[in-house]
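Reading the structure
Chain by chain, the residues:
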Amino acid sequence: MADTAVTTPLRSPLSRAADRLAAATRTCGGTIRLAELPFLTQINVRLDPKGAAADAVGPALGLTLPAEPDTVVRAGELTALWLGPDEWLVVGPPGGQKDLESRIRAAAGDEPVSVIDVSAQRTTLLVAGPRARDLLAHGCSLDLHPRVFGPGRCAQTNLGRTQVVLVARDDPRAGFWVLVRSSFAGHLTDWLLDAAVEWTG
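Summarised in this report is the structure supplied together with it. (Residues numbered from 1 in each chain as written. Predicted model: local features only at pLDDT ≥ 70, side-chain atom pairs only at ≥ 80, totals over all residues. Heavy atoms only, no water.)

**Regarding the packing of aromatic side chains**
Which entries qualify depends on this criterion: Each Phe, Tyr or Trp ring, with Trp reduced to its six-membered ring, pairs with another whose centre is within 6.5 Å; inter-plane angles below 30 degrees give stacked pairs, above 60 give edge-to-face pairs, and intermediate values give tilted ones. The numbering of helices and of strands both runs from the N terminus, where a helix is a DSSP run of H or I of at least 4 residues and a strand a run of E of at least 2. Under the scheme applied here, a residue whose accessible area is under 20% of the maximum for its type counts as buried, over 50% as exposed, and between as partly exposed, the area being computed with a 1.4 Å probe on protein chains only. Criterion for a charge above a ring: Arg CZ or Lys NZ at most 6 Å from the ring centre, at most 35 degrees from the ring normal.
Tallying each qualifying case throughout the model produces 1 aromatic pair. Ring geometry for Phe149 versus Phe176: centroids 6.4 Å apart, planes at 10°, classification stacked. Remark: Phe176 occurs in strand E10 (residues 176–181) and Phe149 occurs in the loop between helix H4 (132–137) and strand E8 (154–159); sequence separation between them is 27 residues. The two residues Phe149 and Phe176 agree in class, both being buried. Here Arg169 stacks its cationic end above the ring of Trp177, 3.9 Å away from the centre of that ring.

Put into structure tokens, the structure is as follows:
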């Protein structure tokens, strides 16, 4: 029997804003780059940081789970964000949810661990360019100076009155990831575009 199931293409939370983000990037003269990075895999992991699972999960992912508050560890295509003393967010390429979940669960074995796919909960905005920090500083109370919030740092904070996870990428030229709940992504995008008018004219 033929498969008659209707498949609907995935639509990112900001698919309708893609043209506006691209236009802002074009008109800012290279000072700011704005884009959505849709469908990144995001797995929330909770476990005892001093238990056997912590020692096993990191190597299974090819990285060390960050132990210092608000830090990031990156290895290959995976990035692990410290969210709390016993909580991390593992971010990877689109479509990797099942593989990551199974690797984490297999590594943890019988140790207590919580592994939750939260990929659909958030989308990711890229904010890059020489004036990226200035743009973010318009709506964020964190000290974003590179000495304080440089590469390898992350924080759960508010940006434009929206809760986000802000990540400074490894290379300063790579800018920042702004992980935002899908339901607030449109609002935050409007805020970023409005704040960017200073450079986009």
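**Focus: the pairing of strand E7 (residues 122–128)**
A regular strand places its side chains on the two faces of the sheet in alternate fashion. The following threshold applies: Paired strands are those between which DSSP finds at least two bridges.
The element E7 is largely enclosed, with a buried count of 7 among its 7 residues. Both strand E1 (residues 33–37) and E7 contribute to a ladder of 5 bridges, which runs antiparallel. Bridge pairing links Ala35 to Leu126 in E7. By the bridge criterion, 6 bridges tie E7 to E10 in an arrangement that is antiparallel. By the bridge assignment for E10, Arg122 is matched with Arg181.

**Some words on the sheet that holds strand E2 (residues 41–47)**
Condition: Axis geometry follows a simple rule: fit a line to the C-alpha atoms, using only the stretch in contact for helices, then measure angles between N-to-C directions, giving values from 0 to 180 degrees. Contacts are assigned to residue pairs that have any heavy atoms within 4.5 Å of one another.
The strand order E3-E4-E5-E2-E6 describes an open sheet built from 5 strands, whose pairing is antiparallel. For this open sheet the edge positions go to strand E3 (72–75) and strand E6 (113–117), each flanked by a neighbour on one side alone. Pairwise comparison of adjacent strand axes, ignoring direction, gives a mean angle of 20° for this sheet. Bridge count for E2 against strand E5 (residues 87–92) is 6 bridges, and the pairing is antiparallel. Within E5, the position partnered with Asn44 by the bridge is Leu89. Where helix H3 (residues 97–108) meets the sheet, it contacts E2, strand E4 (78–84), E5 and E6, and its direction lies at approximately 15° from that of E2.

**Observations regarding the environment of Arg103**
In plain terms, the rule: In protein, a polar contact requires one atom able to donate a hydrogen and another able to accept it; more generally it is a pair of N or O atoms within 3.5 Å, and residues adjacent in sequence count only if both atoms are side-chain atoms.
Relative to the helices and strands, Arg103 resides in helix H3. On the accessibility criterion, Arg103 (28% relative accessible area) is partly exposed. A polar contact is formed between the side chain of Arg103 and the backbone oxygen of Ala60, at a distance of 3.1 Å.

**Some points on the pattern of salt bridges**
Let me state the cut-off plainly: Any Lys or Arg side-chain nitrogen found within 4 Å of a carboxyl oxygen on Asp or Glu counts as a salt bridge.
Throughout the structure, instances matching the rule amount to 8 salt bridges. Measuring nitrogen to oxygen at the nearest pair gives 2.9 Å for the salt bridge that ties Arg20 to Asp190. Taken together, the residues span a long stretch of sequence, with Arg20 in helix H1 (residues 18–27) and Asp190 in helix H5 (residues 182–195) at a distance of 170 residues. Looking at Arg20, the relative accessible area reads 41%, which means it is partly exposed. Using a relative accessible area of 39% as the deciding quantity, one classes Asp190 as partly exposed. A salt bridge links Asp134 to Arg131, with the nearest nitrogen and oxygen atoms 2.5 Å apart. Residue Arg131 is classed as partly exposed on the basis of its relative accessible area, which comes to 32%.

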